[in-house]
Number of protein chains: 2
Amino acid sequence: METLIKTLGEPKRTEILRLVWAEELPATEIADHFPSVTRSAISQHLAVLRSVGLVNERREGTRRLYTANHAELARLRSYLDSFWTSSLDRLRDLAEADQRSQERS
Amino acid sequence: METLIKTLGEPKRTEILRLVWAEELPATEIADHFPSVTRSAISQHLAVLRSVGLVNERREGTRRLYTANHAELARLRSYLDSFWTSSLDRLRDLAEADQRSQERS
DNA sequence: TTCTAACGTAAGAGTGTGCTAACATAGAGA
DNA sequence: TCTCTATGTTAGCACACTCTTACGTTAGAA
């Protein structure tokens, strides 16, 4: 999960994720969306996204077509949700501990 | 938003956030939860969390009490949600463009 | 088979990040 | 006032990260 978050900390990678979210795109076309950096840089970003499973790769001849892996981003979403639910658990635990201490007094 | 994600990319900071999620804690007590690193390291992490608004600080004498800022994490959650909604928009746009091209043929 | 397009990969430079050690500050008591 | 506790800050080291340049690979076209 930590590597997943770190991967999204890079703005170009989240932008790539947006590009391939609803549309399958070849690497070159993705790189064309970033005129400021080299194709190599984008290729390396794609490698990172692939390594953490945020995108899927499909080969077609010499081309490599990428799509976003929605499920993996969904995992991050529910991870954030766990912050809230675990806080409810924690509040419950605190309340119970407080009640026990009052019972003792 | 980028800095917000980068802040959570560090596991000790998310752990700190969990600690102060439902309970106000002084800096020393937070640092005590991390025997492997110096108090100074935790102090620096707290400074980062404070700078992006993920925690609130309250001073009481020489102590500084920290609580999580739930609203800021909620912002990140809805940012992730925007990935899905924007994809719906994008799918709609693609569908409409496709329909127009079919109408032309 | 020889070219070329579409990729990935390796090496190195420059920059950022987390940590420790040492120092600074500010209240609370004695 | 002197001291102790709680805490932040700074300098510097080690490591990780992003980018460019240069090179390697593979599949189709000529």
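Above this text you will find the structure in question.
Small disclaimer: the values here were computed from a predicted structure and weren't measured.

Undergrad: What should I look at first to understand the nonpolar core in this one?
TA: Among soluble globular proteins, nonpolar side chains are generally buried collectively. Core analysis: the largest hydrophobic core is formed by 51 residues, its most contacted members being Leu17, Ile30 and Leu73 of chain A together with Leu17, Ile30 and Leu73 of chain B. Top contributing element to this core by residue count: helix H5 (residues 70-104) of chain A, with 6 residues.

Undergrad: Hey, could you run me through the protein's contact with DNA strand D in this one?
TA: As a structural note, the neighbourhood of DNA strand D is formed by 24 residues, with Thr38, Gln44 and His45 of chain A together with Thr28 and Tyr66 of chain B the closest of them. Expressed as a percentage, the sugar and phosphate content of the atoms of DNA strand D within 4 Å of the protein is 63%. Gln44 of chain A places a side-chain nitrogen or oxygen 2.9 Å from a base oxygen of DNA strand D. Contact distances for DNA strand D include 2.4 Å between a phosphate oxygen and a side-chain N or O atom of His45 of chain A. Breaking the surface near DNA strand D down by element, the ones donating at least two residues are helix H2 (11-19) and helix H4 (39-51) of chain A together with helix H3 (27-32), helix H4 (39-51) and strand S3 (63-68) of chain B. Examining the composition of the surface near DNA strand D, we find that 5 residues originate from one element, H4 of chain B, more than from any other. The residue inventory of the surface near DNA strand D, partitioned by class, reads 5 nonpolar, 12 polar and 7 charged.

Undergrad: Sorry if this is basic, but what is going on with the interface of chain A and chain B here?
TA: Where the parts come together, the accessible area they lose is often given as the size of the interface. At the junction of the two partners, chain A supplies 30 residues and chain B supplies 30 residues. For the pair chain A and chain B, the summed buried surface comes to about 2,800 Å²; carbon and sulfur atoms form 66% of the total. Together, Arg18, Phe83 and Trp84 of chain A form the three largest contributors to the area buried by chain A at its contact with chain B, with a combined 25%. For Asp81 of chain A, the salt bridge goes to Arg77 of chain B, with nearest N and O atoms at 2.7 Å. Tallying contributions element by element places H5 of chain A first for the side of chain A that touches chain B, with 16 residues. A breakdown of the residues in the side of chain A that touches chain B according to their chemical character gives 16 nonpolar, 6 polar and 8 charged.

Undergrad: It is not clear to me how the relation of the copies chain A and chain B should be interpreted in this structure. Could you clarify?
TA: For these two chain copies, the linking operation is a rotation about an axis paired with a shift along it. When chain A is fitted onto chain B, the two copies agree to an RMSD of 0.0 Å after a turn of 180° and an axial shift of 0.0 Å. Such a combination of turn and shift is consistent with a two-fold rotation axis.

Undergrad: Sorry, what's going on with the sheet that holds strand S2 (residues 55-60) of chain B here?
TA: Either a parallel or an antiparallel arrangement is found when strands of a sheet pair, and the pairing is made through backbone hydrogen bonds. Residues and elements named next belong to chain B. Pairing is antiparallel in the open sheet, where 3 strands are placed in the order S1-S3-S2. Each edge of the open sheet is held by one strand with a lone partner, namely strand S1 (25-26) and S2. Pairing between S2 and S3: 6 bridges, direction antiparallel. Bridge pairing in S3 places Arg59 opposite Arg64. Against the sheet, H4 engages S2 and S3, with an angle of about 115° to S2.

Undergrad: Would you explain the packing of H2 of chain A against H4 of chain A in this entry?
TA: The angle between the axes and the distance between the axes are what describe a pair of packed helices. Residue and element names in this part refer to chain A. Where H2 meets H4, the closest approach of the two axes is 10 Å, and the angle between their N-to-C directions is 75°. Judged on the interaxial angle alone, H4 and H2 are roughly perpendicular. Facing Lys12, Arg13, Ile16 and Leu17 of H2, the residues of H4 in contact are Ile42, His45, Leu46, Val48 and Leu49. Of the residues contributing to the contact of H2 with H4, the split by class is 6 nonpolar, 1 polar and 2 charged.

Thresholds, definitions, all that
Residues numbered from 1 in each chain as written. Chains lettered and ligands numbered in written order. Predicted model: local features only at pLDDT ≥ 70, side-chain atom pairs only at ≥ 80, totals over all residues. Heavy atoms only, no water. Core = buried A, V, L, I, M, F, W, Y, C linked by side-chain atoms within 4.5 Å. Buried < 20%, exposed > 50% of the residue type's maximum accessible area, 1.4 Å probe, protein only. Helix = DSSP H or I, 4+ residues; strand = E, 2+ residues; numbered from the N terminus. Near = heavy atom within 4 Å. Polar contact = N/O pair within 3.5 Å; in protein donor to acceptor, adjacent residues only side chain to side chain. Nonpolar A, V, L, I, M, F, W, Y, C, P; charged D, E, K, R; others polar. Contact = heavy atoms within 4.5 Å. Buried area = accessible area lost by both parts, 1.4 Å probe. Salt bridge = Lys/Arg side-chain N within 4 Å of Asp/Glu carboxyl O. Least-squares fit on C-alpha atoms with pLDDT ≥ 70 in both. Pairing = 2+ DSSP bridges. Axes fitted to C-alpha atoms, helices over the stretch in contact; angles between N-to-C directions. Parallel < 35°, antiparallel > 145°, perpendicular 65-115°, else oblique.

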